[in-house]
Amino acid sequence: MSEEAPVEKPAFQIEAQNGLRCPECGSTNLYKSGKRKLADGSTTQRYLCKNCYHRFSESSLNKPRPKNEDDAHEEIILMEAQESQNGKRASEKREPTTTLQYKRPADVKAAVIEFTWWMKKQGFSESTILGRSQILKRLIKLGADLFNPDNVSNIIAQQNHWTPGRKANVVYAYALFTKWAGLEWQPPKITVPEKLPFIPQERELLDLIAGCTRHVAVALQIAMETGARIGEIFRLKWTDIDFENQTIRITPEKGSKARIFKMSSKLYQMLNTLPKDGLRILSRYKNVNCLRRTFERQRKRLALKLGNPRLLQISFHTFRHWKATMEYYRTKDILHVMQTLGHKRIQNTLKYTQLAKFESEDQYICKIAKTPKEIAELIQAGFSFECEKDGLLFFKKPK
């Protein structure tokens, strides 16, 4: 008998067996995407990740990737964790730093690392630590001497292209740095004009959810139904999901309150399709920024495909604004919106009373239900009961 020819496997399966993974999300679901000619005349294989749509070459995996701000921050956290394990900082009590200890640029960068570690010990959230350390590194690139407050004030004043909100964030970050370093600084007065957030249409949010990969789509669906922050969604564990009662429990961040929500049948089905390969629901993403960057790439692709540039204005936090606005428009109860978002101060919630003003307040979507299952689906979709006639139940929801 003649031997059977071996079955040819898809390219992505072959490469996955060889241990090749996407450098962005770690997925092994890869496809070959042509060849790339190098400067020395040789060629290298290009790959496309079917999970996050990141394109990379085989030769780039053997070279250190250019470090961006997020990578630098991750290295800082790893360095701090290693030093903590070695016992170098177990009992350390840091005294206020003086300008005499840091004179060279390299020492200034070391001071930023020390400041990052101090913020972590003080209990600041990871997003706050990342944002403020990035701001200080940006000031250094602009030529600012962090131990010369007057010089920093001049650098901030020269950035005419910065928005008032951006300048205010820089001032907050450097003010905390001066407090840590024991410096005296009179922060410049910056007035940030009030700006209402962008509220998209519901169909635009649904277009994003339908066009993203399933892990990102689940995160967006959770944000749409709960109004949770991206950090709260990223940290969700499978133990926070009660599949029997179809509820989801949100562990708060930024000092807000814990919440629990009823899941829709759509979210319930989406969660059941995800593999339970880790403690977290979104365990394939190593940090929040990886999840955010993946979403931004897919959003850009969808905005181009659908010809809708408004999609580029939608972020994870936009879903939170949309949820709060719709809840106030539906209930006209500001305390209910405050509890939904987990706010501790009602001042943070009052802005949504201005957003819930629509030109066509008297236009509704009408649905008819006959069975208990249809009634339950309409209620979960946000419809409210209007009347009954000829054995039919009529429900409505504002457009």
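**Digging into the nonpolar core**
Move 1: L220, I248, L271, I281, L291 and F319 are the most contacted members of the largest nonpolar core, which has 41 residues in total.
Move 2: Broken down by secondary-structure element, the contributors of at least two residues to this core are helix 7 (202–211), helix 8 (214–226), helix 9 (230–234), strand 5 (247–250), helix 10 (265–272), helix 11 (288–306) and helix 12 (316–331).
Move 3: A per-element tally of this core places helix 8 first, with eight residues.
Move 4: With sequence-adjacent residues up to four places away left out, L271 is seen in contact with V218, W238, I241, F243, M263 and I281.
Move 5: Counting 27 residues, the second-largest nonpolar core is a separate cluster that includes I129, I135, V170 and V171.

**Remarks on the side chain of S57**
Move 1: Tracing the sequence through the fold places S57 in strand 3 (residues 55–57).
Move 2: Those residues in contact with S57 that sit more than four places away from it in its chain are R36, T44, Q45 and R46.

**Considering helix 6 (residues 164–181)**
Move 1: For helix 6, spanning 18 residues, the distance from its first C-alpha to its last is 25 Å, which sits close to the expected 26 Å at 1.5 Å a residue.
Move 2: Taken together, the buried positions of helix 6 are K167, A168, V170, V171, A173, Y174, L176, F177, T178, W180 and A181.
Move 3: Positive phi shows up at G182, right after helix 6, with a value of about 75 degrees.

**Looking at the packing of helix 7 against helix 8**
Move 1: Their axes nearest at 9 Å, the elements helix 7 and helix 8 cross at an angle of 155 degrees. One finds that helix 7 runs roughly antiparallel with respect to helix 8. Across from E202, L205, L206, L208 and I209 in helix 7, the residues of helix 8 making contact are A217, L220, Q221 and M224.
Move 2: Broken down by class, the residue content of the contact of helix 7 with helix 8 amounts to seven nonpolar, one polar and one charged.

**Things to note about the pattern of salt bridges**
Move 1: What the rule picks out here adds up to eight salt bridges.
Move 2: A salt bridge links R310 to E204, with the nearest nitrogen and oxygen atoms 2.7 Å apart. Linking R310 in the loop between helix 11 and helix 12 with E204 in helix 7, this pair joins segments that are 106 residues apart in sequence.
Move 3: The class of E204 is buried, set by a relative accessible area of 1%.
Move 4: The salt bridge involving E253 is made with R235; its shortest N-O contact spans 3.2 Å. One end of the pair, E253, is in the loop between strand 5 and strand 6 (259–262); the other, R235, is in the loop between helix 9 and strand 4 (241–242), with 18 residues separating them in the sequence.
Move 5: Using a relative accessible area of 38% as the deciding quantity, one classes R235 as partly exposed.
Move 6: Connected through shared salt-bridge partners, R229, E232 and R259 make up one network.

**Details of the pairing of strand 9 (residues 392–398)**
Move 1: The two faces of strand 9 differ: L393, F395 and K397 on one face are buried, but L392, F394, K396 and P398 on the other face are not.
Move 2: Pairing of strand 7 (residues 364–369) with strand 9 involves six bridges; the strand directions are antiparallel. Looking at the pairing, A369 lines up with L393 of strand 9.
Move 3: With five bridges connecting them, strand 8 (residues 384–389) and strand 9 associate as antiparallel partners. The residue of strand 9 that forms the bridge with F385 is F395.

**A word on unusual backbone geometry**
Move 1: Positive phi outside glycine occurs at Q246, with the angle close to 55 degrees.
Move 2: Inspection of the secondary structure assignment puts Q246 in the loop between strand 4 and strand 5.
Move 3: At K332, a position not held by glycine, the phi torsion is positive, near 55 degrees.

**Some remarks on the sheet that holds strand 4**
Move 1: The strand order across the open sheet formed by three strands is 4-5-6, and the pairing between neighbours is antiparallel. Looking at strand neighbours, the two that pair on one side only are strand 4 and strand 6, the edges of this open sheet.
Move 2: Two strands pair when backbone bridges link them, and strand 4 and strand 5 are joined in this way by two bridges, in the antiparallel orientation. Bridge pairing in strand 5 links D242 to T247.

**Concerning the sheet that holds strand 1 (residues 30–37)**
Move 1: Here three strands make up an open sheet; going across it, the order is 1-2-3 and the pairing antiparallel. Strands at the two margins of the open sheet, each flanked by one partner only, are strand 1 and strand 3. Looking at each pair of strands side by side, their axes are set apart by 30 degrees on average, direction ignored.
Move 2: As paired strands, strand 2 (residues 43–49) and strand 3 are joined by three bridges and run antiparallel to one another. Across the sheet, the residue bridging to Y47 is F56, located in strand 3.

**Thoughts on helix 8**
Move 1: Relative to the 18 Å expected for 13 residues at 1.5 Å per residue, helix 8 spans 18 Å between its end C-alpha atoms, a close match to the ideal helical length.
Move 2: Judged by how many residues are buried, helix 8 sits mostly within the fold: twelve of 13 residues are covered.
Move 3: Every buried residue of helix 8 is listed here: H215, V216, A217, V218, A219, L220, Q221, I222, A223, M224, E225 and T226.
Move 4: Downstream of helix 8 by one or two residues, G227 has phi in the positive range, about 70 degrees.

Criteria and thresholds
The residue numbers shown here count from 1 along each chain, following its written sequence. Thresholds applied to this predicted model are a pLDDT of at least 70 for local features of residues and 80 or more for the giving and counting of side-chain atom pairs; totals over whole chains, interfaces and linings are not thresholded and use all residues. Excluding hydrogens and water, the side-chain figures rest on all heavy atoms present in the structure. The criterion is simple. A nonpolar core is a set of buried Ala, Val, Leu, Ile, Met, Phe, Trp, Tyr and Cys residues joined through side-chain atoms within 4.5 Å. Buried means the residue's accessible area, taken with a 1.4 Å probe over protein chains only, is under 20% of the maximum for its type, while exposed means over 50%, and partly exposed covers the values in between. Only DSSP runs of H or I covering at least 4 residues are called helices, and only runs of E covering at least 2 are called strands; the numbering of each starts at the N terminus. The contact criterion used throughout is that any non-hydrogen atoms of two residues lie within 4.5 Å. In this analysis, the expected span of each helix is defined as 1.5 Å times one less than the number of residues it contains. Axes here refer to lines fitted to C-alpha atoms; in helices the fit is confined to the stretch in contact. Angles between the N-to-C directions go from 0 to 180 degrees. Geometric relationships in this document are graded by angle, where less than 35 degrees denotes roughly parallel, more than 145 denotes roughly antiparallel, 65 to 115 denotes roughly perpendicular, and other angles denote oblique. As a working rule, the residues Ala, Val, Leu, Ile, Met, Phe, Trp, Tyr, Cys and Pro are called nonpolar, Asp, Glu, Lys and Arg charged, and the rest polar, with Gly in that last group. Salt bridges are defined as contacts in which a side-chain nitrogen from Lys or Arg sits within 4 Å of a carboxyl oxygen from Asp or Glu. Paired strands, as defined in this entry, are two strands with at least two bridges between them according to DSSP.

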